[in-house]
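Take a look at the letters that make up each chain.
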Amino acid sequence: MAVAVWLAGCATASPGEQPTDGSVSVPEVDAGVTSPPDASLPAKRRIVILMVGDGMGRPEIEAASLKATGTRDGLYMQSLAAHGSVRTASLSGITDSAAAATTMATGAKTFNGRIGQDRDGQSVQTLVERAHAVGMSAGLVTSTSLAHATPGAFSAHRDSRHDYVNIALDQVMTVQPDVMLGGGLRYYLPMGPDSERDDAGLITPLLSAGYNVVYTAQELAAAPLEGKLFGSFADEHLEYAIDRDGDTTEPTLAEMSLAAIKRLDHNEAGFFLLIEGGRIDHAGHGNDLARNVGETLAFDEAIKAVHEWQQTSDAEVTLVITADHECGGMTIESHSGSAGDLPEVSWRWGNHTNARVDVFADGTGADKLDGLVIDFTQLHAFLAGRVDGVASVQPPRVLTPDGSFNDLRYAVSTQTAVTGFGEGFNQLDVLHVDADANGIAVGVQGVFEWSSNALVVLVDVDYGAGSGLTSFAGSLNDNDGRVDSILSSLGVDASAIAGFGADYALVIWGGQDPHLEDLIDDAGLRGFTQPSNLPWFGAATNFGEGVRTSGNAATSTAGEGFETVIPWSVLYDAGLPANATVAISVLLVNDDGGYASNQALPPFAADMINPGRGSFPLPGVAVIPVDADGDGVVDADLTPFVDF
Ligand SMILES: [Zn+2]
């Protein structure tokens with residue numbers, strides 16, 4: 001499949017051709033509704049169904065397919081007409097379900113943990129609310145608790161995903177999706193031994209608001225087709241599919257999906273429905289392959305049921321299937337080739353990863369997603385356009401630490417010297433920078449070895465003013481933690497570059513990818529104000545597709561690599577100063593920081609062998625005049641340059 005990148009800011013430019021005037025062009029994205037409606041035909045109902053496999057990365061899909069069919073591409077979802085990819089990162093770095101779902105639901109990029117709120121904590125209209133605003137019905141179906149992150153982000157506005165009691169309150173008292181089917185009964189029941197609430201609960205308000213309320217699959221099957229419907233079938237999450245007994249009272253995800261559609265399909269204005277296969281993620285966190293595969297197959301069964309219904313509908317139906325993130329870092333190692341057998345897999349860890357996920361689609365406008373690499377703001381724009389029945393509008397560019405920097409406008413420095421630290425394992429090729437109202441982004445195209453060597457990004461926040469560290473050797477002596485030790489061993493001398501002094505350094509050892517909110521020993525941002533106890537700060541970091549490796553040499557990919565976004569609030573605690581000018585330099589050093597490679601951006605002279613141990617001159621810095629016009633606001637148009 002040829003994959004085009006839906007560039008934020010310019011739909012047709014290649015990375016080198018993006019506008020440099022700072023303007024962000026906002027072309028209309030054709031969502032399949034470009035021609036004016038034919039007035040002679042009755043207006044069709046619009047139906048938009050988004051199905052999210054929580055934690056369902058590409059390996060998870062392939063593992064389930066291998067189990068079911070013996071091939072990697074045999075799932076029902078993989079047969080749908082349109083197929084693209086999604087970059088999932090949030091403003092925190094690797095996303096969680098709350099931030100991913102919030103961006104899908106609202107279009108606002110946000111920090112991990114937020115439910116229906118943007119980066120400033122402001123509530124933003126969700127697709128459920130948008131559907132209601134245009135007269136559509138709306139529903140939520142999930143195999144997790146209904147108050148969990150994904151359904152919550154479409155139907156509540158809270159600053160923490162863990163505020164289940166109040167997420168449930170928002171759902172029932174304020175947003176009122178017409179159908180809600182899932183688990184999490186203990187967040188809705190009145191105060192008592194089976195409830196997390198300390199009030200009269202939400203069941204009575206649901207009944208007062210006209211909901212039919214059911215608790216078992218049998219009651220769901222017998223529930224009236226008219227009216228609103230609330231079904232909660234488990235105290236917390238529904239059972240894993242492979243753990244269901246024959247006498248379970250829980251409906252399947254497919255049964256809940258069809259039950260929701262039956263109720264919502266009465267509305268002449270159409271409906272929006274979110275369906276979540278929510279427990280793929282839970283099995284991913286546990287590196288539990290059998291349950292992971294079982295959940296993906298149950299999700300695929302629901303997709304098949306919905307898609308078969310779609311074929312019978314006379315409405316304009318848009319069906320989109322995607323995931324919020326991969327979970328576990330699954331790699332398929334081998335498979336017997338026989339359906340029924342699980343593959344052999346390995347896992348990176350028990351957490352989410354930054355791997356791109358798939359998007360599959362069919363129905364009205366689906367072709368507009370085919371072959372594209374998008375992010376969740378663009379997916380939201382597409383879905384919102386379908387809810388509104390208009391062409392969607394390209395959302396504005398938001399600097400996001402996603403390891404993919406076609407959206408960074410300035411490639412300021414390129415290195416051609418072959419790395420002295422192992423070609424295909426440790427190389428720094430191109431330095432990209434950009435800045436917006438929220439912070440500065442630095443992207444390094446290159447290849448990075450897992451659990452080996454360290455990337456050092458020196459940051460001068462007042463280039464030209466002379467403050468900060470120029471000669472590192474002997475200046476720092478903090479050996480408590482790997483990053484601090486690396487900086488204390490660094491032999492770099494920047495005194496030949498007039499006006500440069502490092503105020504901060506971001507160090508990433510061995511391909512670590514901490515979130516903005518993580519403060520860890522092996523990676524992160526440090527300041528130099530206390531040389532024997534370096535202060536720690538937050539910076540969101542991430543790596544793109546296939547740029548980290550161990551064992552096998554990797555290939556440098558244009559626009560993919562290491563990326564960080566450092567908030568201005570970290571670099572300037574008194575606010576962005578007028579005439580702010582930032583300078584940066586990127587170095588690659590060994591595990592203890594005491595031995596420097598020949599890889600740097602801006603680069604050393606092309607014939608430089610590794611500087612090695614001891615003092616060595618900083619080869620140059622990239623200077624970013626952030627506020628050249630001195631008005632205290634980040635300029636729309638930056639003119640970065642290299643100072644040797
Ligand atoms: Zn998770």
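First things first, this report covers the structure right here in the doc. (Residues numbered from 1 in each chain as written. Predicted model: local features only at pLDDT ≥ 70, side-chain atom pairs only at ≥ 80, totals over all residues. Heavy atoms only, no water.)

A few words now on helix H8 (residues 253–264). With 12 residues, H8 should reach 16 Å at 1.5 Å per residue; the first-to-last C-alpha distance of 16 Å fits that figure. Most of H8 is tucked away: 9 of the 12 residues are buried. Along H8, the residues that are buried comprise Leu253, Ala254, Met256, Ser257, Ala259, Ala260, Ile261, Arg263 and Leu264. (Helix = DSSP H or I, 4+ residues; strand = E, 2+ residues; numbered from the N terminus. Expected span 1.5 Å × (residues − 1). Buried < 20%, exposed > 50% of the residue type's maximum accessible area, 1.4 Å probe, protein only.)

To continue, consider the coordination of the zinc ion. The protein atoms that coordinate the zinc ion are Asp281 (OD), Asp281 (OD), His285 (NE2) and His352 (NE2), at distances of 2.0 to 2.4 Å. Around the zinc ion, the 4 donor atoms sit at angles spanning 58 to 147°, and that spread fits a shape best called irregular. Considered as a linear motif, the donors of the zinc ion on their single chain read D-x3-H-x66-H. Of this pair, Asp281 sits in helix H9 (residues 280–285) while His352 sits in strand E14 (residues 352–353), and the two are 71 residues apart along the sequence. A relative accessible area of 5% means that Asp281 is categorised as buried. (Donors = N, O, S within 2.8 Å, 3.2 Å for Na, K, Ca; no water. Tetrahedral: all angles 85-135°; square planar, octahedral: opposite > 155°, others 65-115°.)

This part is about the nonpolar core. Within soluble globular proteins, side chains that are nonpolar generally end up buried alongside one another. Residues Ile49, Met51, Phe154, Leu181, Tyr188, Phe272 and Ile321 are the most contacted members of the largest nonpolar core, which totals 105 residues. Ranked by residues supplied to this core, first place goes to helix H10 (residues 289–312) with 8 residues. Among residues more than four places away in sequence, those in contact with Ile321 are Met51, Met56, Met77, Leu80, Phe299, Ile303, Asp358, Val359 and Phe360. Listed in part, the 40 residues of the second largest apolar core include Tyr410, Ala435, Ala539 and Leu638. (Core = buried A, V, L, I, M, F, W, Y, C linked by side-chain atoms within 4.5 Å. Contact = heavy atoms within 4.5 Å.)

Turning to unusual backbone geometry, a few remarks are in order. Looking along the chain, the bond that leaves Leu601 and enters Pro602 is cis, with omega of -10°. Positive phi values are uncommon outside glycine, yet Asn287 reaches one of about 50°. Its place among the elements puts Asn287 in the loop between H9 and H10. Taking the relative accessible area as the measure of exposure, Asn287 reaches 29% and is therefore partly exposed. The backbone of Asn579 shows a phi angle near 65°, a positive value even though the residue is not glycine. Residue placement: Asn579 occurs in the loop between helix H13 (568–571) and strand E29 (581–589). We classify Asn579 as partly exposed; its relative accessible area is 47%.

Contact geometry of helix H1 (residues 58–69) with H10 gives a least axis separation of 9 Å together with a crossing angle of 85°. Between H1 and H10, the angle falls in the class roughly perpendicular. Across the interface between the two elements, Glu60, Ile61, Ala63, Ala64, Lys67 and Ala68 from H1 touch Leu289, Asn292, Val293, Thr296 and Leu297 from H10. Taken together, the residues of the contact of H1 with H10 break down into 7 nonpolar, 2 polar and 2 charged. (Axes fitted to C-alpha atoms, helices over the stretch in contact; angles between N-to-C directions. Parallel < 35°, antiparallel > 145°, perpendicular 65-115°, else oblique. Nonpolar A, V, L, I, M, F, W, Y, C, P; charged D, E, K, R; others polar.)

Scanning the entire structure with this criterion turns up 11 aromatic pairs. With a centroid separation of 6.0 Å and 20° between ring planes, the pair formed by Phe154 and Phe272 is classed as stacked. Residue Phe154 is located in the loop between helix H4 (149–153) and helix H5 (164–175), and its partner Phe272 is located in strand E9 (residues 270–277); the two are separated by 118 residues in the primary sequence. Neither residue differs from the other here; Phe154 and Phe272 are each classed as buried. Three or more aromatic residues joined by ring pairs make a cluster, and in this case those are Phe448, Phe543 and Phe562. The ring centre of Tyr240 lies 3.9 Å from the NZ or CZ of Arg279, which sits over that ring. Positioned over the ring face of Trp349 is Arg348, at 3.6 Å from the centre of the ring. (Phe/Tyr/Trp six-rings, centres within 6.5 Å; stacked < 30°, edge-to-face > 60°. Lys NZ or Arg CZ within 6 Å of the ring centre and 35° of its normal.)

Further remarks concern the environment of Thr126. Within the secondary structure layout, Thr126 lies in the loop between helix H2 (97–106) and helix H3 (127–133). With residues near it in sequence (within four places) discarded, Thr126 still touches Ala105, Thr106, Ala153, Phe154, Ser155 and His157.

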